[in-house]
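Tertiary structure, described
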Amino acid sequence: METVQTEKKKKILSCIQPSGIPTLGNYLGALKNWKTLADEFDGAFAVADLHAITVRQDPAKLRQQTSEVLALLLAIGLDPEKSVIFVQSHVPAHAQLAWVLNCYTQFGEMNRMTQFKDKSTSHADNVNVGLFSYPVLMAADILLYQADLVPVGADQKQHLEIARDIANRFNGIYGNTFTVPDPYIGKNGARVMSLQDPSKKMSKSDPNPKGFVSVFDTPEVIMKKFKSAVTDSEACVRFAEGKDGINNLMGIYSCCTGLTMDEIANQFEGKGYGDFKVEVANAVIEELRPVRERYNQIITDKAYLKEVAAKGADTASRIAGRTLNKTMKKVGFLMP
Ligand code: TRP
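This one's a predicted model, so the numbers in the text were calculated from it and none came from an experiment.

Overview of the pattern of salt bridges
In this structure the tally under the stated criterion is 13 salt bridges. Lysine 35 serves as the salt-bridge partner of aspartate 39, at 3.3 Å between the closest nitrogen and oxygen. One end of the pair is aspartate 39 and the other is lysine 35, both in helix α1 (residues 24-40) and four residues apart, which spans about a single turn. For lysine 201, the salt bridge identified is with aspartate 155, shortest N-O distance 3.6 Å. With lysine 201 in the loop between β5 (182-184) and α9 (219-227) and aspartate 155 in the loop between β4 (149-151) and α8 (157-174), this pair connects stretches of sequence that are 46 residues apart. When its relative accessible area of 41% is taken as the criterion, lysine 201 is described as partly exposed. Looking at aspartate 155, the relative accessible area reads 40%, which means it is partly exposed.

Written as structure tokens, this is what we have:
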């Protein structure tokens, strides 16, 4: 008899906040890999608008950026036929489970979160309770989908750790309810630094726009920004300590071309930084070109975007609803 081996794909989930146009850093560090992950795993990807309001947002801008980021997810090649692509606030189960999990999370645990400490300094005028319990909402996102894996950068590691703790705690009290998620560490975890201050991570909230490249910057703007990138006075393209600016450019170039640091050093041996910067800019321009082109098409097709969001919300609600239901029963809520 013929036996067909159907191995169940692992589930992976990630979300991105619609708090501005993502940077080259967000793209190379995370988004670029999502497409690969979506091919390999059973993927769910969301625009985390509930998370975004933990800092004050302009309503019209938030709405627009939510559409833009949704369009970007499609532009990077995620396929709504293969993955669940949705807007977080369209699936009420996220807020519902977050409330329940709030009651299984200790104040002291949240109080240790370094991102909360950072953000309460940078948004000192609005240290709201949502900002404080933000990691619980993130845990709800993850646990609702019973995700096995979550791709996380360094800044979200602590939050994933808490999601695991909450899952283990709940499972310990009520029996197996949630899959305990593992971090997914990508192959080339590119950490892209500011082009103007390479000791800092590239950020879309950098007051100096020359410090970051947005994924929608035009080729001319990208070229200009790389030409004014900070380097050093050695005039030698090599990866070494104390050469943060060049190391960063080499990292970006490596991510776009697949070349190793040694290969890059060889390629630019005897050449000046001027030539190198132009080549890095060209590589970035070619990397982002198809994304920008697809994006420009998708963003004008409002009906398509709406359809994708509706389909995503439908599928996500079904998956999330199962977990929410199970949780509510275990806690002891009278079921409607
Ligand atoms: N907090 C994440 C960030 O700012 C976004 C996020 C929300 C997320 N929910 C998530 C990431 C669930 C992974 C899994 O980058």
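Points about the side chain of threonine 327
Checked against the element boundaries, threonine 327 lands in helix α13 (residues 302-331). Discounting residues that sit within four places of it in the chain, threonine 327 has contacts with Leu97, Val100, Phe170, Thr177 and Phe178.

As for α8
Between the first and last C-alpha of α8 there are 26 Å, a value that for 18 residues agrees with the 26 Å anticipated at 1.5 Å per step. Buried residues of α8: His159, Leu160, Ile162, Ala163, Ile166, Ala167, Phe170 and Asn171, and no others. Along the axis of α8, the buried positions cluster into a sector of 165°, meaning they face one direction only. The exposed set on the far side of α8, more than 90 degrees from its buried face, consists of Gly172 and Ile173. Immediately downstream of α8, the backbone of glycine 175 shows phi near 85°, a positive value.

Brief notes about the packing of helix α10 (residues 244-257) against helix α12 (residues 273-300)
For the pair α10 and α12, interaxial distance at closest approach is 9 Å and the crossing angle is 40°. Comparing the axis directions of α10 and α12 gives the class oblique. In this structure, α10 crosses over α12, and the sense of that crossing is left-handed. For the pair α10 and α12, the contacting residues are Ile246, Leu249, Met250, Ile252, Tyr253, Cys256 and Thr257 in the first and Tyr273, Phe276, Lys277, Glu279, Val280, Ala283, Val284 and Glu287 in the second.

Concerning the packing of α12 against α13
When two helices pack together, their arrangement is given by the angle between their axes and by how far apart the axes lie. At a minimum axis separation of 5 Å, α12 and α13 run at an interaxial angle of 90°. One way to sum up the angle between α12 and α13 is to call them roughly perpendicular. On α13, the residues touching Ile298, Ile299 and Thr300 of α12 are Lys302, Tyr304 and Leu305.

Concerning helix α6 (residues 114-122)
Residues of α6 that are buried: Gln115, Phe116, Lys119 and Ser120. Projected onto a plane normal to the axis of α6, the buried residues spread over an arc of 130° and lie on a single side. Every exposed residue of α6 that faces more than 90 degrees away from the buried side is listed here: Asp118, Thr121 and Ser122.

Overview of the packing of aromatic side chains
For the coordinates displayed, the defined rule picks out 13 aromatic pairs. On the numbers, 5.1 Å between centres and 65° between planes, the contact of tyrosine 104 with phenylalanine 170 is edge-to-face. Placement of tyrosine 104 in the loop between α4 (93-102) and α5 (107-111) and of phenylalanine 170 in helix α8 is noted, with a sequence separation of 66 residues between them. The class for tyrosine 104 is buried, based on a relative accessible area of 14%. One residue, lysine 225, lies across the ring of phenylalanine 212, its end atom 5.1 Å from the ring centre.

Remarks on the nonpolar core
Core analysis: the largest hydrophobic core is formed by 61 residues, its most contacted members being Phe226 and Ile252. Sorting elements by how many residues they give to this core places α12 first, with 12 residues. There are two domains that each give this core at least three residues, and those are domain 1 (11-189 + 302-331) and domain 2 (209-296). For isoleucine 252, the residues in contact, after removing those within four places along its chain, are Leu24, Leu28, Val192, Leu195, Phe226, Val280 and Val284.

Brief notes about unusual backbone geometry
Positive phi, normally seen in glycine, also occurs at glutamine 146, with a value near 50°. Counting through the fold element by element, glutamine 146 comes out in the loop between α7 (129-144) and β4. Despite not being glycine, alanine 235 shows a phi value in the positive range, around 60°. Turning to its location among the elements, alanine 235 is positioned in the loop between α9 and α10.

Brief notes about the domain arrangement of the protein
You'll often see interface size given as the accessible area lost when the parts meet. Segmenting the protein into domains produces domain 1 (11-189 + 302-331) and domain 2 (209-296). Every contact between the two is made by 15 residues of domain 1 and, on the other side, 15 residues of domain 2. Both sides of the domain 1 and domain 2 interface together cover about 1300 Å² of buried area, and 72% of this is carbon and sulfur. A salt bridge links glutamate 287 to lysine 32, with the shortest nitrogen-to-oxygen separation between them at 3.4 Å. Counting across the interface, domain 1 meets domain 2 through six residue pairs in polar contact (both at pLDDT 80 or more). Looking at the side of domain 1 that touches domain 2, the elements that each hand over two or more residues are α1 and α3 (59-75). Its residues placed into classes, the side of domain 1 that touches domain 2 shows 10 nonpolar, three polar and two charged.

Cut-offs used in this document
- Residues numbered from 1 in each chain as written.
- Predicted model: local features only at pLDDT ≥ 70, side-chain atom pairs only at ≥ 80, totals over all residues.
- Heavy atoms only, no water.
- Salt bridge = Lys/Arg side-chain N within 4 Å of Asp/Glu carboxyl O.
- Helix = DSSP H or I, 4+ residues; strand = E, 2+ residues; numbered from the N terminus.
- Buried < 20%, exposed > 50% of the residue type's maximum accessible area, 1.4 Å probe, protein only.
- Contact = heavy atoms within 4.5 Å.
- Expected span 1.5 Å × (residues − 1).
- Arc of directions from axis to C-beta.
- Axes fitted to C-alpha atoms, helices over the stretch in contact; angles between N-to-C directions.
- Parallel < 35°, antiparallel > 145°, perpendicular 65-115°, else oblique.
- Left-handed = near helix turned anticlockwise from the far one by under 90°.
- Phe/Tyr/Trp six-rings, centres within 6.5 Å; stacked < 30°, edge-to-face > 60°.
- Lys NZ or Arg CZ within 6 Å of the ring centre and 35° of its normal.
- Core = buried A, V, L, I, M, F, W, Y, C linked by side-chain atoms within 4.5 Å.
- Domains from an automatic or database assignment.
- Buried area = accessible area lost by both parts, 1.4 Å probe.
- Polar contact = N/O pair within 3.5 Å; in protein donor to acceptor, adjacent residues only side chain to side chain.
- Nonpolar A, V, L, I, M, F, W, Y, C, P; charged D, E, K, R; others polar.

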